[in-house]
Amino acid sequence: MLNNISLGRYVDTGSVLHRTDPRIKVILYIVYLICIFAVDSLQALIALSILTVVQLVVARMPLNVTWSTVKPILPLTLFIFILNLFTIKTGNTLFSWRFILITDVGLTRAILMSLRLLFLILSTSVLLTLTTTPLKIADALESLLSPLKAIHVPVHEASMMMSIALRFIPTLIEETDKIMRAQESRGADYDTGSFINRVKGYVTVLIPLFVSSFKRAEDLAVAMDARCYRGGNMRTKLNPLRITGSDILVFIAFLMGAALLILTEVLLGG
Amino acid sequence: MASGISVKHICFAYKNDDTGEAFPKALDDISLDVDIGSYCAVLGPNGSGKSTLAKLIDVLELPDEGEICVLGITASDEESYYDIRQRCAYVFQNPDNQIVGTIVEEDVAFGPENLGIQLPELRERVDEALRYVGLYDLRKREAASLSGGQKQKLAIAGALAMRPKVLILDESTAMLDPVSRDEFLDLVEKMNREKGITVLTITHDMNEAARCERIFVIEKGKVTMTGTPPEIFSHPDKLNMAGLELPQDISLVNEISKLADKTLTEEDIRDEEARLNTAVRYARLATSRPEEPQVVIPEARRKLLEVSDLSYSYDNGRTYALEHINLSVYEGEILAIVGKSGCGKTTLISHLNGIVRPQQGQVVLYGKDGEVLSTSRKKDLARIRQSVGLVFQYPEYQLFEETVEKDIAYGLIKLQTPEENRPARVKAAAIIAGLTEDVLTKSPFELSGGQKRRAALAGVLVMKPSVLVLDEPAAGLDPIGRIEMFMTILALRDAGTTVIIVSHNMDEAARYADRIFCIKDGREVGTGTASELFKDEETAGALGLSMPILYDFSAKIKTRLKKEYPGIKLMPPYPVPSQEAASIVRSVLDAE
């Protein structure tokens, strides 16, 4: 039921992006985030689509994985599309019937906003979650934010918490699935009934999920104690982060892509 | 001699986190010594304090009184805690709750990273540990995608990478199927033998304990018995008093010796050879000819549930979780579904009440008045779910209401049963499930593990299902808990409920089920009674089943008897040690 969601899941295809230093990926991710929000014209949007496809190819992401990444976000995308389409009344009228008014500005906005969201998810996946293990993302953040340690920000602890949270996502999804099946056997029905009833139905799933998460957290804390975890000070790393030549190449290539995007926006866009 | 683990006069009580109030003592003036390099078991029922003891040894809790010395180190200050934890590796019960790393090798590295081990030694340790447990090829895999058995091996690898001197197993095999459990224990024994690692296993699995060198039996926070397995197992009554039972093979020898009015000595059961000799010797000395064991042969009954040509694939036909399954369930029987982890058992039972609906084939329920309900028809689903109750594994983790009463009533509300009928039905269900009435008003989260499971069971029984499907109903329970659970199941059957149990304990399947359905890699490989399926090792092996320990041992006795009495007439095996003992003794007396 829930196990075909790949949001936040790592898929190893052994591509160059998988091997790239996670710090570089985090920086590139921020650059692309800015780009995605800077894009404001259809021309630049096309360039962004091409870039995203190239990224997916470079990451050797299978189509079905890409699809399952995008799928859960589609309803929201559609919602944003419709919202923009029907609420923006400026520009030339393309279509009008009774109270419905669709304008060219509305249509462009709708396409732009909904695609932005899609690209946001795809970039997050391809640059971070799908190609980088949570532990590496945490490593990267820890390393990038380490200057903050000087002002007593618990950077190591925060990154450890994050990586553990991510590590438990598949476990919790599996558990949710089990609980839902058990309650369905007892007559629960999550798909029909009024909205309020459906929300109530999910509450009965969430309670046991919370309870067991607390139990897991307790167990895990003891297990970490037993394995001599005592904070970040003395810890070494099995796979320490090291920038290599290919990392720099990836960095430059992706930066050029981003630059191209901005250029398209500035030169060809509105 | 270098000391191993020495526990001296330890007292310990858990404290309430909020009030600081102490609970009753979990450990009460307990003392024991574990020699370095030995392989010891701590046995005891649930709540006896055995896990607490293990946690104290690894300084995960601190004693209220007394002293623990591990490899010459006494826990005195923070530094010494880490010295001990570094030398004592700990493997917990739940495979999922001890994995820190997302990727297999990252998890193995977690311990040595904490110790500050530098590269390249760190890499060497990780690779060596992974090779040792046989997970090296999976080192880049996501840890969450491993099977239960593999996850426990991963935990062992994580422990090994810290180069420990002591390995503590805290019910580490409780959640594993028999094949994974044997592999896991073989690995542990190898570590004990080759690396000289001292092993202390906390368990209530008697067969696991039988493999150890030394056993400590703990009851209510005290050590009540200490000795080698033969020493311990030659006192079956004392063991029963402690809420434990004999391993099935020794139990058979014990039952035979009872018929000869003899009590077992340590020598009698020293090893398998001695056990066989004792069984044969005492079978001859029986004082009187025992009655023929009564086994109820089920009469021909009405077909209640029928699965026909059922196939199911999770990945659009690339691989099949179920392939052409045919299964009929008859009214009033107990049917066991057995097979290895991942063989399709859960997918199959999820079909029985339409939680998963057939992609090919069908599942049909025959109602009392001749009506036919199919899970393929959406309008039949509600009726089917009411008639076929499904209790998944570890159902205690699925309770959610404020009170047990409300939790049990959940299904009734969903089915819109009239409100005035509910309290009586809830109460009745709770009692059948083995709960007392006073529990009903409590929060489910206050109950003990065993009570929680019963509350979850009551939540399904309240719907008055005509078929009850139970996935591993006794998983994780101690010997007494297991027996009580099966007594409840037998009582349900006697009251007219048809029961389907999924189990990987062959001895229990043979003992309690009328028929056994064997599934392997999604296909049916055999259906029949225990004595048909477990006729001999060859038949069982062909079905991919491990022989029940009782049957296996009794077959060895019978081989020996055939040599001694060429014309002896032997009966097919019975599933209960006392019955089988009677049957063997009768055969021997007849032959003489």
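Residues numbered from 1 in each chain as written. Chains lettered and ligands numbered in written order. Predicted model: local features only at pLDDT ≥ 70, side-chain atom pairs only at ≥ 80, totals over all residues. Heavy atoms only, no water.

Draft legend 1. The overall build of chain B, seen in detail. When you go through chain B residue by residue, the secondary structure sums to 22 helices and 20 strands. Radius of gyration (C-alpha) of chain B: 26 Å, near the 25 Å computed for a compact globule of 592 residues. In terms of principal-axis extent, the alpha carbons of chain B reach across some 75 × 65 × 50 Å. Within chain B, contacts between residues separated by at least 24 positions form 66% of all contacts whose residues are at least 6 apart in sequence. Taking the 70 positively charged and 92 negatively charged side chains of chain B as two groups, their mean positions are separated by 4 Å. (Helix = DSSP H or I, 4+ residues; strand = E, 2+ residues; numbered from the N terminus. Rg over C-alpha atoms; globule rule 2.2 N^0.38 Å. Contact = heavy atoms within 4.5 Å. Lys, Arg positive; Asp, Glu negative; His and termini not counted. Charge placed at Lys NZ, Arg CZ, Asp CG, Glu CD.)

Draft legend 2. Here's a closer look at the overall build of chain A. Each helix and strand counted, chain A has 11 helices and two strands in total. Across chain A, helices and strands are ordered from the amino to the carboxyl terminus as α-α-α-α-α-β-β-α-α-α-α-α-α. Viewed in the frame of its principal axes, chain A has a C-alpha envelope of about 70 × 60 × 40 Å. Classification of the 270 residues of chain A by burial places 45% in the buried group. Across chain A, contacts joining residues at least 24 apart in sequence account for 74% of those joining residues at least 6 apart. Here chain A has roughly 14000 Å² of accessible surface; of this, 71% comes from carbon and sulfur atoms. Distance between charge centroids for chain A: 1 Å, based on 25 positive and 18 negative side chains. (Buried < 20%, exposed > 50% of the residue type's maximum accessible area, 1.4 Å probe, protein only. Areas by Shrake-Rupley, 256 points an atom, 1.4 Å probe, with all protein chains shown as cover.)

Draft legend 3. Structural view of empty space enclosed by the protein. If you walk through the whole model with that rule in mind, you get six cavities of 30 Å³ or more. Lining the largest cavity are 18 residues, with A:Leu135, A:Asp139, A:Arg235, A:Lys237 and B:Glu113 positioned closest to its centre. Of all the secondary-structure elements, those providing two or more residues to the lining of the largest cavity are helix 7 (134–145) and helix 8 (155–167) of chain A together with helix 3 (104–115) of chain B. Of the residues forming the lining of the largest cavity, the biggest block, five residues, is contributed by helix 7 of chain A. Within the lining of the largest cavity, the residues separate by chemical class into six nonpolar, five polar and seven charged. (1 Å grid on protein atoms, 1.4 Å probe; cavity = no way out; pocket = protein on both sides within 12 Å on 5 of 7 lines; lining within 4 Å. Points joined across faces, edges and corners; volume = space filled by probe spheres on them. Nonpolar A, V, L, I, M, F, W, Y, C, P; charged D, E, K, R; others polar.)

Draft legend 4. Broad picture of the pattern of salt bridges. All names here are of chain B. According to the stated counting rule, one finds 55 salt bridges over all chains in the structure shown. Residue Arg377 is joined to Asp380 by a salt bridge in which the shortest nitrogen-to-oxygen separation is 3.0 Å. On the basis of relative accessibility, which here comes to 38%, the residue Arg377 falls in the partly exposed class. Here the salt bridges share partners, and the residues they tie into one network are Glu121, Arg125, Glu128, Arg163 and Lys195. (Salt bridge = Lys/Arg side-chain N within 4 Å of Asp/Glu carboxyl O.)

Draft legend 5. The arrangement of the packing of helix 21 (residues 549–564) of chain B against helix 22 (residues 577–591) of chain B in detail. All names here are of chain B. Across the interface, helix 21 lies against helix 22 with an axial gap of 12 Å and an inter-helix angle of 10°. Our classification of the angle between helix 21 and helix 22 gives roughly parallel. Residue-level inspection shows Leu550, Ser554, Ile557, Lys558 and Leu561 of helix 21 in contact with helix 22, the latter providing Pro577, Glu580, Ile584 and Val588. Within the contact of helix 21 with helix 22, the residues separate by chemical class into six nonpolar, one polar and two charged. (Axes fitted to C-alpha atoms, helices over the stretch in contact; angles between N-to-C directions. Parallel < 35°, antiparallel > 145°, perpendicular 65-115°, else oblique.)

Draft legend 6. Highlighting the layout of surface pockets. Residues and elements named next belong to chain B. The calculated volume of the second largest pocket comes to roughly 830 Å³. In terms of lining, the second largest pocket is formed by 28 residues, of which the most central are Val295, Val296, Ala513, Asp514 and Pro575. Here the element with the most residues in the lining of the second largest pocket is helix 17 (residues 479–494); it accounts for four residues. Within the lining of the second largest pocket, the residues separate by chemical class into 17 nonpolar, five polar and six charged.

Draft legend 7. Structural detail: the packing of aromatic side chains. All names here are of chain B. Tallying each qualifying case throughout the model produces nine aromatic pairs over all chains. With a centroid separation of 4.9 Å and 85° between ring planes, the pair formed by Phe400 and Tyr410 is classed as edge-to-face. Of the two residues, Phe400 sits in the loop between strand 16 (388–391) and helix 14 (404–414) while Tyr410 sits in helix 14, which places them 10 residues apart along the sequence. For the pair Phe486 and Tyr512, a centre-to-centre distance of 4.3 Å together with 5° between the ring planes defines the contact as stacked. One end of the pair, Phe486, is in helix 17; the other, Tyr512, is in helix 18 (residues 506–512), with 26 residues separating them in the sequence. Owing to a relative accessible area of 3%, Phe486 belongs among the buried residues under this scheme. The class for Tyr512 is buried, based on a relative accessible area of 10%. Between Lys195 and the ring centre of Tyr132, over which it is positioned, the NZ or CZ distance is 4.6 Å. (Phe/Tyr/Trp six-rings, centres within 6.5 Å; stacked < 30°, edge-to-face > 60°. Lys NZ or Arg CZ within 6 Å of the ring centre and 35° of its normal.)

Draft legend 8. How the structure looks around the packing of helix 14 of chain B against helix 15 (residues 422–432) of chain B. Residues and elements named next belong to chain B. Two elements in contact, helix 14 and helix 15, have axes whose closest approach is 10 Å; the angle formed by their N-to-C orientations is 115°. Crossing of helix 14 over helix 15 shows right-handed handedness. Contact with helix 14, carried on its side by Glu405, Ile408, Ala409, Leu412 and Ile413, involves Arg422, Arg425, Val426, Ala429 and Ala430 of helix 15 and no other residues of that element. Looking at side-chain class alone, the contact of helix 14 with helix 15 contains seven nonpolar, no polar and three charged residues. (Left-handed = near helix turned anticlockwise from the far one by under 90°.)

Draft legend 9. Region of the structure containing the pairing of strand 8 (residues 198–203) of chain B. Residues and elements named next belong to chain B. Among the six residues that make up strand 8, six are buried, leaving the element largely enclosed by the rest of the structure. Where burial is concerned, the two faces of strand 8 agree: the one with Thr198, Leu200 and Ile202 and the one with Val199, Thr201 and Thr203 are both buried. As defined by bridge partners, strand 7 (residues 166–170) adjoins strand 8 across five bridges and the pair is classed as parallel. Residue pairing across strands places Leu169 opposite Thr201, the latter belonging to strand 8. (Pairing = 2+ DSSP bridges.)

Draft legend 10. Quick peek at the nonpolar core. If you look at the biggest cluster of nonpolar residues, it comprises 129 residues, and the most contacted ones within it are B:Ile156, B:Leu167, B:Ile256, B:Ile516, B:Phe534 and B:Ile557. Not counting chain neighbours up to four residues away, the residues in contact with B:Ile516 comprise B:Leu335, B:Ala336, B:Val338, B:Ala509, B:Ala510, B:Gly526, B:Thr527, B:Gly528, B:Ala530, B:Leu533 and B:Phe534. In terms of nonpolar packing, the next biggest core, distinct from the first, is built from 37 residues, A:Val39, A:Leu48, A:Leu112 and A:Leu130 among them. (Core = buried A, V, L, I, M, F, W, Y, C linked by side-chain atoms within 4.5 Å.)

Draft legend 11. Highlighting the confidence of the model for chain A. Scored by pLDDT, chain A has a mean of 85; 96% of the residues are at 70 or more. Predicted confidence is poor over residues 1–6 of chain A, with pLDDT under 50, and the contacts of this stretch with residues over four places away or in other chains come to 18 contacts. (pLDDT = per-residue confidence, 0-100.)

Draft legend 12. Here's a closer look at the sheet that holds strand 5 (residues 73–74) of chain B. Residues and elements named next belong to chain B. Sheet architecture is open: four strands sit in the order 2-1-4-5, paired in antiparallel fashion. Taken across any chain shown, the strands that pair with only one partner, and hence form the sheet edges, are strand 2 (22–34) and strand 5. Sheet topology note: the strand 4 (residues 65–70)/strand 5 ladder contains two bridges and is antiparallel. Bridge pairing in strand 5 places Val70 opposite Ile73. In the packing of helix 1 (residues 50–57) onto the sheet, the strands contacted are strand 1 (5–15), strand 2 and strand 4, and the crossing angle to strand 1 comes to about 115°.

Draft legend 13. Representation of a nonpolar patch on the surface in the model. There is a patch of nonpolar side chains on the surface, built from A:Phe195, A:Ile196, A:Val199, A:Val203, A:Ile207, A:Val211 and B:Phe445 and spanning about 590 Å² of accessible area. Locating B:Phe445 in the fold gives a position in the loop between helix 15 and helix 16 (449–461). (Patch = residues over 30% accessible without salt bridge, like charges linked within 9 Å, V, L, I, M, F, W, Y side chains within 5 Å.)

Draft legend 14. Quick peek at unusual backbone geometry. Residue and element names in this part refer to chain B. Residue Leu119 is joined to Pro120 through a cis peptide bond whose omega torsion reads 0°. Of note, Pro120 is situated in the loop between helix 3 and helix 4 (121–133). At Lys220, a residue that is not glycine, the phi angle is positive and equals roughly 45°.

Draft legend 15. View of the sheet that holds strand 11 (residues 303–312) of chain B. Residue and element names in this part refer to chain B. Across the sheet, four strands lie side by side as 12-11-14-15; this open sheet has antiparallel pairing. At either margin of the open sheet sits one strand with a lone partner, and together these are strand 12 (322–330) and strand 15 (372–374). For this sheet the average axis-to-axis angle between neighbouring strands, irrespective of direction, equals 15°. Its contacts with the sheet put helix 12 (residues 345–352) on strand 11, strand 12 and strand 14 (360–366), and the angle it makes with strand 11 is roughly 125°.

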